[in-house]
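Coordinate inspection notes
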Amino acid sequence: MSEEGSSFSSFSKETPSPADLTLQIQNHLGGLFAEQLDRIFSLAEELREEDGSYFDPKNAMPSEWSQANGFDLMPLVIGNEEWARLEAGLIQRVRAWNSFLRDIYAGQEILKAGVVPYEIVYADPNFHRGCARLPGAIPDYLQLTAFDLQQNERGQWLVMEDHMGVAEGATYAMKKRQIMRQIAPRLFEGVEVLFIEDFAAQVMDILQEQVRNPDGRVRAVLLARGSSDEHYLDHASLARQMGVSIVQGSDLVVLDSRLYLKTIAGMERVDVVLRRLETSLLDPVTFDAGSRFGVPGLLSCVRRGELAMANGLGSDLADNRALAAHLPAIIEYYTGERPLLASPHVFELRDLDVREEVADNRDAYVVRHAWKRGPAHEWMVRHMPAHDWNRLWQQIDANPSEYVAHKALTQATVPSWTAAGSRSLPVTLRAFALGQNRVSPCAVAWTGGISSLSTSMVQATDRIKDVWILRQSSGASIPYYAQTEEAPTRLRLTSRVAESLFWMGRYAERAEVTARALRIVQMQTWPPAHTAVARKRRPLWAALAALTGHDSEFFLQPEKKIKDVRDVPFYFLLDPEHGGSVLSSLQACRENAENIREHFPPEVWSVLNRLYLQLAFDADQAGTDRVRMILEDRSLHQDIIMQLDELTGALEKHMLHNDAWHFWQLGVYAERSLTTILALEQVLVPETGGDSPADSISSSNLDLLLQMLAGQYAYRSLYHARPIATRVARLLLQDEDFPRSAFFCLNGMRRALEATLGENPAKGADTPLKHCARAITDLNYIDIMTYFPRRSGNESSSPLGGDDDLSGVPTAEFSGKLEDLIDLLVEFNVLISDHYLDHQVVIREPELFDLPSPR
Amino acid sequence: MIFNIVHNTSYEYSAPAIESFTELRVRPRQSNLQNILHHVTEVNPRVPLEEFTDYYGNTVECLSVPFRHKCLSVTSRSTVETMPRKDALSGLDLTVSEAVRLNWPQRRLLFDYLMPSLHAPFTPELEALSKQCLPSSGSFADSILALNSFIYNQFTYMPGVTDVRTPLAEVLRTRQGVCQDFAHLMIALIRCAGLPARYVSGYIETNSSGDPDALTGATASHAWVEVYLPSGFWLGIDPTNEILEGERHVQIGVGRDYHDVSPLRGVFKGPERQELSVAVTVSRTTGQSVPFGA
């Protein structure tokens, strides 16, 4: 991809030292022309946007896109020997913590021996008494852990922080590496960097070790908070690469001390949970009763040995910074070894002498809360205004055991290279341990302090550095390859995800039909006008009103908002306060999408997000001439329709045509069949407010109706003549090939349901399918001709003049027939919801409970 | 004495609940002060009960109802024999500060009962009151008994004015509440003085029908306090009745405060409103002789 001039051939065959390599990269970048560098950076920018994962969807408005901090091209290079030292030290550390947790939640021998002050453990809210003596069969607490390290001025790595509860951020490293390889492949030439791409597979291996199922199947899920979590993208990306479902607490249910996932196909057993939530949130019955994210009864599954948690429940205790002060003693107690890696000395403020020392020399210290994490709970005292310090000191004085301090570190710096140029900055390195025996080479580093990864990683991803761990030329290190060869057992689509996709389909379709219909109707005479033409076109306006969820008389009794035809386009396209506007529909579509980003390809998100942001921007600028113009000349309408076509195209091309896809299709067809019938009803069975019902339907209205529903081409292909009512009705209701006909949509729903349910649907699960089949039969049995009485006499000449053929109006029964169809479709939506989304009907009790029917 | 105890708790939901998961702590604990002769827990809808022992040694039963249900009813039936208590206090001739010091070797095991907890926090008001009621140079036994009388005399037993969420500060201000509030108050005051105290959930025989010995507290379950004696025993004190725990008390479980031993704690999905009704009967069975240790 990058054909930049100067080459990297100066690298010798032997792997250079990290310092030499860093210098060579700097020289290489320094030798590039400004345009070459610009191209690299703009490519990086492009890849970030394409991926969509590199900006925060909540804050991203177009104007802010460009405010990125700049992509850092300089990798952090770590030599093989240095890495081996870190590896050994971190493995020692994770083993010590694992032994500690096993002990604390069982006999507490280390506390009895007085090696660690029991006050630290007992006073920490993350010491969960409910987790004590859980007789789970698996003795390990720590499966995926992380350590944050910083370099002191001599370049020595110190462990600053342990993440024993939840370890986040590994996928940022993979993302960074992926982009680096694309935009600057030359940097990698001749350098042997340890492979990081199988990180997720290795995590999966560790999880599988936790479960011993007779049938060898391991069903894992990743339990997280959802899109409100700042690390959601990391969670989603890891889950996707592991091939497991990312779920929220409400997706899971405990039955008889076993954990089940609610899916469109019923309840699926879960064996192991990779948690992305702290223990206190996981079970509202035992822990924090106010938690909305947990699963009631989760703990009972662990207690019975029916569920493995990674990391083990209660392991968050080991994140306590006051405990870390005693880690050397903990390591020695359990392993008899001396610690291999250094940490800054931790001062425990519960000690009065320590407190005085810190107060006297406060500028030298960083104060941190013992167990609360994040920038709000650590203070670089030197940078604090006096009154802030005084307030903090009061808090410390009231609860001294909740605070620790360590000397502020003078950090070594490493070079960084962004669009703004080359600088030297201190970095934090996060390394991940897998189980008790391995440290993954997939490490992430960033410029800035410890807690900056957790504040707003998404915006800070630019500050992430690619971490290169060099392979030793002698080949002494044996690379680890993930064992997982087959894809893990995949769980069915969760009901929550299915529901979101269903609604995405409905909202996208609603947006499209609204834009399309408006494009035609907007040009027609304003209905309240007292002219013959206005009266004649009223059914079209009524159709627009009906298919956007308004009363058919909507335009005849205009609200204050819509005084005349000029207000109409804004109201239907951009009005954020109108729930049925294209903007609102797309917002709803995007909100649904945001929660389940991992279930469709980035291309889809990118189109949807772009369109939404563009419309939000236009809505914001509604007063300007530009926006007024594009609303008036309908170029915005056209633009929306084209971009929605692009969305459909992206889905069609990039998405797996799996269950998720079928639920999107169900949503599209459910919405489309309804709008088609609603529009048809208004034009064929017009009630022209107050006036006597029309006794004929003009061919031009039918033509416009076809245009509104994208059916003009279809009609002309079939009939080569001006539209007449019976034919239009047949096309829109019964045609097998026209993609907007009610029949086509119902048939599409039937196919989607059959594909989801498989050959042998569970008992009762196919009720919606049966309902669908009945609706199709009903539809086919409608003999349209019988509802249109033959007109007597010669009435084909139009009272409005020459060239408009007229069809007769259908009988009242026809209207009743359409109403029946609408009822069937609405009922169908309820059935879909009851059976696949609302989790009620799908619970297969007999398999789980042998009980009399519930009261 | 032998008691038959029937403890029924029912939740009636305003609309059917979809799923519910519940933990019960309604099984009286076995100890050298009481002997459980018989126990059964019945739930409706009928679902299996899972049983385990919690951190504080209490027996917990849990149940999940994964289908629509309009009500959930739990009935615990126990037959318990209680033993007469020895006079544990009068032999203790020491001051409050001596008691604090004598407990020191046991501090790790007692730590949970020395620290403030969710329902028994330390506040400046409580600390001041504690100094007043339990002066460090005062006699330990006398101070504890005086504290029992103080709460009994200064606070009014008034069902309905407080609930689980009522903070101690408000109880202290209004000077009224129920057994649970008095227990939490006493626990906080004892802990402020540096002495271990724990919460006891249980039953009491009330004999409300004109009995001169009628005790207060039990149309539902009862709650009182245990204070740790330097002699190594937990002594039960019932500030609601100004007595020490006796043969007419039946313990279910112990913990730091109510939160650790709530008889029924659960989560359900569905309607927002629920109606809780609790009925407890504690009746003495007469003439039955059950051999000790049966």
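Fair warning: this is a prediction, and the values are worked out from it, not measured in the lab.

Moving on, we come to the sheet that holds strand 6 (residues 252-255) of chain A. Residue and element names in this part refer to chain A. Spatially, 6-7-8 is the arrangement adopted by the three strands of the open sheet, whose pairing is antiparallel. Among the strands making up the open sheet, the edge pair consists of strand 6 and strand 8 (266-270). Across the sheet, the axes of successive neighbouring strands diverge by a mean angle of 40°, strand direction being ignored. With five bridges joining them, strand 7 (residues 258-263) and strand 8 adopt antiparallel strand pairing. Bridge pairing in strand 8 places Lys262 opposite Met267.

Okay, the domain arrangement of chain B next. Residues and elements named next belong to chain B. By domain assignment, chain B separates into domain 1 (2-82 + 262-284) and domain 2 (96-260). Summarising the inter-unit geometry, the C-alpha centres of domain 1 and domain 2 are found 25 Å apart. Contact residues are listed per partner, giving 20 residues for domain 1 and 18 residues for domain 2. Put simply, the parts of the chain that give the side of domain 1 that touches domain 2 at least two residues each are strand 1 (2-17), strand 6 (69-82) and strand 15 (274-284). If you tally residues by element for the side of domain 1 that touches domain 2, the top one is strand 15, at four residues.

Here we take up the domain arrangement of chain A. Residues and elements named next belong to chain A. Here the domain parsing of chain A yields domain 1 (46-127 + 145-195 + 316-344 + 419-472), domain 2 (198-310), domain 3 (348-407) and domain 4 (495-730 + 790-811). Across the boundary between the two partners, domain 1 contributes 14 residues, which contact twelve residues of domain 3. When residues of the side of domain 1 that touches domain 3 are traced back to their parent elements, those giving at least two are helix 6 (118-123), helix 11 (321-324) and helix 15 (452-455). Taken together, the residues that form the side of domain 1 that touches domain 3 break down as five nonpolar, five polar and four charged.

Once that is clear, we can look at the interface of chain A and chain B. At the interface, 27 residues of chain A touch 25 residues of chain B. Contributing elements (two or more residues each) for the side of chain A that touches chain B: helix 6, strand 6 and helix 10 (298-303) of chain A. Residue classes in the side of chain A that touches chain B are distributed as 15 nonpolar, five polar and seven charged.

Right, let's talk about unusual backbone geometry for a bit. Excluding glycine, residues mostly carry a negative phi; peptide bonds, for their part, are mostly trans. The residue after Ala310 of chain A, namely Asn311 of chain A, is reached through a cis peptide bond having omega 0°. Along the chain, the position of Asn311 of chain A falls in the loop between strand 10 (308-310) and helix 11. Of note, the amide linkage connecting Asn44 of chain B to Pro45 of chain B takes the cis form, showing an omega dihedral of 5°. Position of Pro45 of chain B among the secondary structure elements: in the loop between strand 3 (34-44) and strand 4 (50-53). Within the chain, Gln108 of chain A stands out as a residue other than glycine whose phi angle is a positive 60°. Take Gln108 of chain A: it is sitting in the loop between helix 4 (80-104) and helix 5 (109-112). Unusually for a residue other than glycine, Ser257 of chain A sits at a positive phi of about 60°.

What follows concerns helix 21 (residues 602-620) of chain A. An α-helical turn contains 3.6 residues, so a residue and the one three or four places further along point in the same direction. Residue and element names in this part refer to chain A. Look at helix 21: 26 Å from first C-alpha to last across 19 residues, which is about the 27 Å you get at 1.5 Å a residue. Three or more residues of helix 21 are buried, namely Val604, Trp605, Val607, Leu608, Asn609, Leu611, Tyr612, Leu615 and Asp618. Tucked inside the fold, the buried residues of helix 21 contact helix 20 (582-595), helix 22 (625-632) and helix 23 (635-654).

Note on strand geometry: in a regular strand, side chains alternate between the two faces of the sheet. All names here are of chain A. Burial of strand 17 (residues 427-434) is extensive: eight of the eight residues sit out of reach of the surface. Where burial is concerned, the two faces of strand 17 agree: the one with Val427, Leu429, Ala431 and Ala433 and the one with Thr428, Arg430, Phe432 and Leu434 are both buried. Both strand 2 (residues 144-151) and strand 17 contribute to a ladder of seven bridges, which runs antiparallel. Bridge pairing in strand 17 places Leu149 opposite Leu429. Examined bridge by bridge, strand 17 and strand 18 (residues 438-447) share seven bridges and lie antiparallel to one another.

Analysis parameters
Residues numbered from 1 in each chain as written. Chains lettered and ligands numbered in written order. Predicted model: local features only at pLDDT ≥ 70, side-chain atom pairs only at ≥ 80, totals over all residues. Pairing = 2+ DSSP bridges. Helix = DSSP H or I, 4+ residues; strand = E, 2+ residues; numbered from the N terminus. Axes fitted to C-alpha atoms, helices over the stretch in contact; angles between N-to-C directions. Domains from an automatic or database assignment. Contact = placed C-beta atoms within 7 Å. Nonpolar A, V, L, I, M, F, W, Y, C, P; charged D, E, K, R; others polar. Expected span 1.5 Å × (residues − 1). Buried ≥ 20, exposed ≤ 12 C-beta atoms within 10 Å, placed from the backbone.

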